[in-house]
Amino acid sequence: MAKVVLKNLTKKFDEVIAVNNMNSTIEDREFVVLVGPSGCGKTTTLRMIAGLEEATGGEIYIGDRLVNNVPPKDRDIAMVFQNYALYPHMNVYDNMAFGLKLRKTPKAEIISRVGDAAKILKIEELLKRRPKQLSGGQRQRVALGRAIVRNPKVFLMDEPLSNLDAKLRVQMRTEIAKLHQRLNATIVYVTHDQTEAMTMASKIIIMKDGLVHQTGDPQTVYDHPVNMFVAGFIGSPAMNFNDVVITDDYKLVNPKFEIDTADNVRKIIKENNLSGKEAVVGIRPEDLEDSKFVHNPRENCIINALVEVTEPMGSEIYVYIDINGVLITARVNPRSEARVGQNIGLYVDVEKLHLFDKQTEKAYI
């Protein structure tokens, strides 16, 4: 395996900058997920690493080798595509063996490698079937198997689960994570699904408009987003944002509510001299609870508002309230009696508030 280094990587399509001066290092045996909305540049980045797109500027290293001018077949990478890209006229065995045959790998070694990969992926009984006889999940396993037999330095995966149904996606997320641990592989994985990024990655790179906004392990990015885009993109349901004015006694005041702050937030207010200034407060839905289920609540930590919509989820209820035209989401106790058209008091975990600059949208740290 090998690490991947991107230095000042840029890709332009005519006047459109798809990737803008990207600098990232993917360490050996790391599982890195490039995540972001459609059009952010993540797939273009992956295709440049693979050699399927030529970089407009910058350098790509796989291991210690500069590969900008190296053909895809000589980069020692294996790619798993969104649409599986299996040959319909070949059975599973031949699909998995095809790349090895092109490289004139000895027949005994091909049999061994295909057999080992099929065993890892639990598809031994499928080797004689053709793709049309397989389910979507089975086809994706075959596509993964074709990559595994290559024993490449780097695995590149471009939204490999997007064509699967919800249950299969969860199952395959687990399988790919286990596969990474078993192979000790370097994996670069692209998705627009932040749940995939959070559950699978050892490190995530969050992109928007061709720029990297934040890089870090999933929990750090979740706990300490650098700006409102990252804060709103990571986490499901998304973080709530509201304009507030910060008072001299460290309260956050909105026309519809006034909440106190904890010591950690007060420290941020003091260090950034925010008293008397406007800011944006970010509150995650999981940090709001029906006040009836909070024991010994702090004072001045409750937002009262009318319930607009409820979504019972079994283990929890999503409650939507309207604050100055902004819909606020809360994840509350499943025994909550919140009803549409009734008022609810939502208790805010004030130790987990996030403050952002209203103009730059950067987080105050």
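Definitions and cut-offs
- Residues numbered from 1 in each chain as written.
- Predicted model: local features only at pLDDT ≥ 70, side-chain atom pairs only at ≥ 80, totals over all residues.
- Heavy atoms only, no water.
- Salt bridge = Lys/Arg side-chain N within 4 Å of Asp/Glu carboxyl O.
- Helix = DSSP H or I, 4+ residues; strand = E, 2+ residues; numbered from the N terminus.
- Buried < 20%, exposed > 50% of the residue type's maximum accessible area, 1.4 Å probe, protein only.
- Pairing = 2+ DSSP bridges.
- Axes fitted to C-alpha atoms, helices over the stretch in contact; angles between N-to-C directions.
- Contact = heavy atoms within 4.5 Å.
- Phe/Tyr/Trp six-rings, centres within 6.5 Å; stacked < 30°, edge-to-face > 60°.
- Lys NZ or Arg CZ within 6 Å of the ring centre and 35° of its normal.

S.K.: Which residues make up the pattern of salt bridges, and what are the values?
M.R.: Enumeration according to the criterion identifies 15 salt bridges in this entry. The closest approach of N and O atoms between Lys-358 and Glu-278, which form a salt bridge, is 3.2 Å. In this pair, Lys-358 sits in the segment after β20 (354–356) while Glu-278 sits in strand β14 (residues 278–283), placing the two residues 80 residues apart along the sequence. Of the residues examined, Lys-358 reaches a relative accessible area of 30% and is grouped as partly exposed. The exposure class assigned to Glu-278 is partly exposed, which follows from its relative accessible area of 48%. One salt-bridge network, held together by shared partners, links Lys-11, Arg-47 and Glu-53.

S.K.: Account for the sheet that holds β14, naming residues and giving values.
M.R.: Reading across the sheet, the five strands line up as β13-β12-β11-β14-β20 and stay open at both edges, with antiparallel pairing between neighbours. The open sheet is flanked by β13 (257–259) and β20, the only strands paired with a single partner. For this sheet the average axis-to-axis angle between neighbouring strands, irrespective of direction, equals 35°.

S.K.: Give a description of unusual backbone geometry that names residues and reports values.
M.R.: In this chain, Ser-236 is followed by Pro-237 through a cis amide linkage whose omega measures -5°. Its place among the elements puts Pro-237 in the loop between α8 (228–233) and β11 (240–246). A positive phi angle, near 45°, is found at Glu-159, a position not held by glycine. Turning to its location among the elements, Glu-159 is positioned in the loop between β7 (154–158) and α5 (166–183). Given the relative accessible area of 12%, Glu-159 is considered buried. Although it is not a glycine, Asn-273 sits at a positive phi angle of roughly 55°.

S.K.: Describe the environment of Pro-72, naming the residues involved and giving the relevant values.
M.R.: In this structure, Pro-72 sits in the loop between β5 (65–66) and β6 (77–80). Exposure remark for Pro-72: the relative accessible area of 32% places this residue in the partly exposed category. Each C-alpha atom, one on Pro-72 and one on Glu-53, is 9.7 Å from the other, the two residues being 19 residues apart in sequence. Non-local contacts of Pro-72, meaning those with residues more than four positions away in its chain, are made with Ala-50, Gly-51, Leu-52 and Ile-77.

S.K.: Go over the packing of aromatic side chains with me, naming the residues and quoting the values.
M.R.: A complete count under the given rule lists four aromatic pairs for this structure. Judged by centre distance (5.8 Å) and plane angle (40°), the ring pair of Phe-31 and Tyr-189 falls under tilted. One end of the pair, Phe-31, is in strand β3 (residues 31–35); the other, Tyr-189, is in strand β8 (residues 186–191), and 158 residues separate them in sequence. Under the relative-accessibility criterion, Tyr-189 is labelled buried at 0%. The cationic tip of Lys-11 hangs over the ring face of Phe-13; the distance from NZ or CZ to the ring centre is 5.0 Å. The cationic tip of Arg-284 hangs over the ring face of Tyr-222; the distance from NZ or CZ to the ring centre is 4.1 Å.

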